[in-house]
Amino acid sequence: QVQLVESGGGLVQAGGSLRLSCATSGRTFSTYVMGWFRQAPGKEREFVSAIRWSGGWTYYADSVKGRFTISRDNAKNTVYLQMNSLKPEDTAVYFCGASKYGTTGSRDYDYWGQGTQVTVSS
């Protein structure tokens with residue numbers, strides 16, 4: 001079966017760093033857009049970043065631009081989100097998704113992981 005499994009979340013102080021991983025299995029996502037979304041308590045799931053497996057194209061939400069970096073390792077079928085200079089407002093459950101046609105809209109994503117909690121303390 002198709003699986004996306006996030007890992008790497010945890011508790012970190014403001015200004016610290018975390019690297020999230022999204023391990024994929026069950027199919028190839030070479031033609032897909034891979035995205036990171038986050039959802040804080042009481043809020044809608046929001047777009048964070050996305051990458052295409054081909055072409056090196058990346059896109060970031062303004063709120064994380066310059067602090068987060070998305071990347072992928074084709075050999076490991078894994079997508080990463082390097083998060084630096086973390087702020088308390090980054091606290092959320094972070095989800096990895098795969099979309100055949102979409103980029104920033106959560107409803108355009110066909111597959112989702114279970115999420116990993118990121119908590120940034122003041």
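What counts, and where the lines are drawn
Residues numbered from 1 in each chain as written. Predicted model: local features only at pLDDT ≥ 70, side-chain atom pairs only at ≥ 80, totals over all residues. Heavy atoms only, no water. Helix = DSSP H or I, 4+ residues; strand = E, 2+ residues; numbered from the N terminus. Buried < 20%, exposed > 50% of the residue type's maximum accessible area, 1.4 Å probe, protein only. Contact = heavy atoms within 4.5 Å.

**Student:** Can you walk me through unusual backbone geometry in this structure?
**Tutor:** For residues other than glycine, phi is negative in most cases, and the peptide bonds are mostly trans. Positive phi, normally seen in glycine, also occurs at Asn-77, with a value near 50°. Its location among the elements puts Asn-77 in the loop between strand 7 (68–73) and strand 8 (78–83). On the accessibility criterion, Asn-77 (40% relative accessible area) is partly exposed. Residues other than glycine seldom take positive phi values, yet Ser-85 does so here, at roughly 50°. Mapped onto the elements, Ser-85 comes out in the loop between strand 8 and strand 9 (92–99). In this structure Ser-85 comes out as partly exposed when scored by relative accessible area, which is 41%.

**Student:** Looking at this structure, I do not really get the environment of Gly-102. What am I missing?
**Tutor:** Mapped onto the fold, Gly-102 is located in the loop between strand 9 and strand 10 (111–112). Note on Gly-102: relative accessible area 8%, which makes it buried. Each C-alpha atom, one on Gly-102 and one on Gly-35, is 9.5 Å from the other, the two residues being 67 residues apart in sequence. In contact with Gly-102, not counting residues within four places along its chain, are Val-33, Asp-108 and Tyr-109.

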